[in-house]
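# Coordinate inspection notes
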Amino acid sequence: MRLLIVEDEKRLATTLARGLTAEGFAVDVVHNGLDGLHRARETSYDLIVLDIMLPGMNGYRVCSTLRAAGDDTPILMLTAKDGEYDEAEGLDTGADDYLTKPFSYVVLVARIRALLRRRTRAGTPVLRLGDLTVDPDAKRARRGETEVPLTAREFAVLEQLALRAGQVVSKAEILEHVWDFAYDGDPNIVEVYIRTLRRKLDIPFGRRSITTVRGAGYRLATDGGTRV
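Residues numbered from 1 in each chain as written. Predicted model: local features only at pLDDT ≥ 70, side-chain atom pairs only at ≥ 80, totals over all residues. Heavy atoms only, no water.

## Side note on the pattern of salt bridges
For side chains bearing opposite charge, pairing can occur when the charged atoms are close. A complete count under the given rule lists 16 salt bridges for this structure. For Arg 111, the salt bridge is made with Asp 97, and the minimal N-O distance between the two is 3.3 Å. Taken together, the positions of Arg 111 in helix H5 (residues 105–119) and Asp 97 in strand E5 (residues 97–100) put the pair 14 residues apart, joining distant regions of the chain. (Salt bridge = Lys/Arg side-chain N within 4 Å of Asp/Glu carboxyl O. Helix = DSSP H or I, 4+ residues; strand = E, 2+ residues; numbered from the N terminus.)

## Some thoughts on the UniProt feature "modified residue: 4-aspartylphosphate" (unreviewed entry) in the protein chain
Per the UniProt annotation, the sites labelled "modified residue: 4-aspartylphosphate" (unreviewed entry) are Asp 51. Looking at the element boundaries, Asp 51 is found in strand E3 (residues 47–51). When its relative accessible area of 2% is taken as the criterion, Asp 51 is described as buried. Beyond its immediate stretch of four places on either side in the chain, Asp 51 contacts Val 6, Glu 7, Asp 8, Gly 59, Leu 78, Thr 79 and Lys 101. (UniProt positions renumbered as here; feature names shortened; annotations may be inferred. Buried < 20%, exposed > 50% of the residue type's maximum accessible area, 1.4 Å probe, protein only. Contact = heavy atoms within 4.5 Å.)

## Details of the environment of Asp 51
Taking the C-alpha atoms as reference, Asp 51 lies 9.3 Å from His 31; in sequence the two are 20 residues apart. In terms of polar contacts, Asp 51 uses its side chain to reach the side chain of Lys 101, at 3.4 Å. (Polar contact = N/O pair within 3.5 Å; in protein donor to acceptor, adjacent residues only side chain to side chain.)

## Details of the nonpolar core
Within the largest apolar cluster, 27 residues are counted, with the highest numbers of intra-cluster contacts made by Val 157, Leu 158, Leu 161, Ile 174, Trp 179 and Leu 220. Mapped by element, the contributors of at least two residues to this core are strand E6 (127–129), strand E7 (132–135), helix H6 (152–163), helix H7 (171–178), helix H8 (189–202) and strand E13 (217–220). If you tally residues by element for this core, the top one is H6, at six residues. Contacts of Leu 220, omitting those with residues within four sequence positions, involve Leu 129, Leu 132, Leu 158, Leu 161, Ala 162, Ala 165, Gly 166, Gln 167, Ser 209 and Ile 210. (Core = buried A, V, L, I, M, F, W, Y, C linked by side-chain atoms within 4.5 Å.)

## Description of the sheet that holds E7
Read across the sheet, four strands follow the order E6-E7-E8-E9 without closing on themselves; strand pairing throughout is antiparallel. At either end of the open sheet lies a strand with only one pairing partner, and these are E6 and strand E9 (146–148). Averaged over all neighbouring strand pairs, the angle between strand axes comes to 25°, with direction disregarded. Bridge count between E6 and E7: three bridges; the pairing is antiparallel. For Leu 129, the partnering residue across the bridge sits in E7 and is Leu 132. Running at roughly 110° to E7, H6 makes contact with E6, E7 and strand E8 (140–143) of the sheet. (Pairing = 2+ DSSP bridges. Axes fitted to C-alpha atoms, helices over the stretch in contact; angles between N-to-C directions.)

Set out below in structure tokens:
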């Protein structure tokens, strides 16, 4: 899942981005309303965390402009202001939820996950590929009855493959959904994670589930992989 944080308090924005990245999200950050609107128009996000008091263009206007353009990306509004009027105004402009500062980080993550589940109604279904089970909501992977411990980033790469099992997923697509907009490192980092997934998901179980399609990307087998 890819999130956009539009927050002018740079320390808060950085802290949120680090925490959400550790949760397995790809996170982009901007610090004013105009940049937030531009980024939201140019990139497909799963959710936007939007401060109300922003330089350039406030959060109300950013939200209402996106909604007027038909953008239904879930928006969680943040504000240091308090009161029923502010909450009503935020929701009237099209926001999906509202959180008043100071807030608990645990509550923020819970609100984000709730909004993402609401967008998919019952949440993302558990993906069953032969004896390989991928649970996007719980962030867990299993081979048969054995849980395979994965880091948040490893699971995020696996999730992208599992959601399109049987199809070729390019390295660029994985980078776009798993790493943030600012990532300018070696794109071969994807290969490193693919090797790690093979080492954890395949080798101990005598399977071959992730194949490399030369020049195109990677494919996860729909049957959990052949035995080797």
